[in-house]
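A closer look at the structure
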Amino acid sequence: MMELELLERPRRLRSNPALRAMVRETRISADTIIYPLFVMEGENSKEEIVSMPGQYRYSIDRLGEVLDQVVDAGVKSILIFGIPAYKDPQGSSAWDSEGIVQRALRYIKKNYPQLYCITDVCMCEYTSHGHCGILQGTYVDNDKTLDVLSKTALSHVQAGADMVAPSDMMDGRILALRKTLDSSGFVTTPIMSYAVKYASGYYGPFRDAADSAPAFGDRKSYQMDFHNRREALREAALDVAEGADILMVKPGLAYLDIVRDVKERFEKPLAVYSVSGEYSMIKAAGAANYIDQDDIICESSVAAYRAGADMLITYFAKELAGFIREGRIG
Ligand code: PBG
Ligand code: ZN
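In what follows, the accompanying structure is described. (Residues numbered from 1 in each chain as written. Chains lettered and ligands numbered in written order. Predicted model: local features only at pLDDT ≥ 70, side-chain atom pairs only at ≥ 80, totals over all residues. Heavy atoms only, no water.)

1. Points about the coordination of the zinc ion (ligand 2)
Rules: With water omitted from the atoms examined, metal sites may look incomplete; donors here are N, O and S atoms no farther than 2.8 Å from the metal, or 3.2 Å in the case of Na, K and Ca. Any site counts as irregular unless it has four donors with all angles between 85 and 135 degrees, making it tetrahedral, or four or six donors with opposite ones more than 155 degrees apart and the rest between 65 and 115, making it square planar or octahedral. Each residue's exposure class comes from its accessible area (1.4 Å probe, protein chains only) as a fraction of the maximum for that residue type: buried when under 20%, exposed when over 50%, partly exposed otherwise.
The protein atoms donating to the zinc ion (ligand 2) are C122 (SG), C124 (SG) and C132 (SG), with metal-donor distances spanning 2.2 to 2.3 Å. What the four donor atoms of the zinc ion (ligand 2) show is an angle range of 99 to 122 degrees at the metal, which sorts the shape as tetrahedral. Overall, C122 belongs to the buried group, its relative accessible area being 2%. Relative accessible area serves as the criterion here: at 6%, C124 is assigned to the buried category.

Here it is, written out as structure tokens:
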């Protein structure tokens, strides 16, 4: 056999599982996984979301079922979405102290005090027209929306939210929320900003889940155009200047270039949201046996961290925490 003068042999470090684990470059921990959860009005209800098999909307009295699973899996934080019984053009049930998210928070904080509760702050689940803010004609009025978002965020925090996450993409919302929270004595409550959120077809199943599809038009006048990359940095820079504590990029898998850009440019913890469409595609392809679902969950989740995520919001949170515990990834 020919004697090669080959000094670098990358395969040397791949020859043994213990060694491969030792030289692994991306480490992930269940501490950094966030599980999104849909809470609805009503009693004794658990409804499967048709386009998201395995994900459900729960009434408050059935929440314990999923919260037990979350805690058992070792997932420590949840992102709460509410589905109200009543919608109007102003989305007034969003800031009702007896609203769905507010009551869910009080229930969770009482029964699962160890769970860290983040709330999504947006109007689209509460407005009859399904847009993320207050309409002026058919245009979503930026500054009027800031008032209702601020009221909503404050009511979440008053009901026990540990962190608020505004997802509306209005200009100036981080500053508006920060001022409102600070002047009400909540200076220590962090804001996770959906700083870089694209207008995306990947949110389709979510709108089904949250009953929040816009009745007319689309969200392109407030969410970002997916052709744009530098604009992502401008959005992130503004939110940092306005006092965001954590930045988020959303969706995940199709936007990992943006994740890397934001990570390199800003010294803030970075969250990636692996959104509903990403979940549904993996579930559908897995159910058809076109792919190995669990392999793809592992690979795409690690990809988000490798790109720069410090934390990952994913509907696969429970499964992912299990794979880490089993040593399959991590
Ligand atoms: C509310 C909101 C949406 C998502 C998170 N918050 C929907 C949207 O902007 O249309 C999407 C989450 C997902 O698809 O999993 N604005
Ligand atoms: Zn919205």
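2. Observations concerning the environment of A209
Quick note on the threshold: Helix and strand assignments follow DSSP, with helices taken as H or I runs no shorter than four residues and strands as E runs no shorter than two, numbered in order from the N terminus. Whether two residues touch is decided by their heavy atoms; if any such pair falls within 4.5 Å, the residues are in contact.
Topologically, A209 is positioned in helix α6 (residues 204–210). Judged by relative accessible area, which is 0%, A209 ranks as buried. Measuring from C-alpha to C-alpha, the distance between A209 and M52 comes to 7.9 Å, with 157 residues separating the pair along the chain. When neighbours within four sequence positions are excluded, A209 is seen to be in contact with F38, I49, M52, R57 and I83.

3. Some remarks on the site of ligand 1
This is how it is decided: Note on terminology: near, applied to a residue and a molecule or strand, indicates that one of the residue's heavy atoms is within 4 Å of it. By the criterion applied in these results, polar contacts are pairs of N or O atoms within 3.5 Å in which, for protein atoms, one can donate a hydrogen and the other can accept it, and in which residues neighboring in sequence qualify only through two side-chain atoms. In short, Shrake-Rupley with a 1.4 Å probe defines the accessible areas, and a residue's cover is counted only from the protein chains shown. In this analysis a 1.4 Å probe is tested at points of a 1 Å grid over the protein atoms alone, and where it fits but cannot get out there is a cavity; an open set with protein on both sides within 12 Å along at least five of seven lines is a pocket; lining residues have an atom within 4 Å of a point. Just a note on the criterion: a molecule sits in a pocket or cavity if more than half of its atoms are within 2 Å of the grid points.
As a structural note, the neighbourhood of ligand 1 is formed by 19 residues, with K197, R207, K250, S276 and Y315 the closest of them. D120 has a polar side-chain atom sitting 3.2 Å from a nitrogen atom of ligand 1. In the environment of ligand 1, an oxygen atom lies 2.6 Å from a nitrogen or oxygen atom belonging to the side chain of Y315. Starting from 400 Å² of accessible surface for ligand 1 in isolation, the protein chains cover 100%. Of the pockets mapped on this structure, ligand 1 occupies the largest cavity. Elements with a minimum of two residues in the shell around ligand 1: β9 (192–197) and α6.

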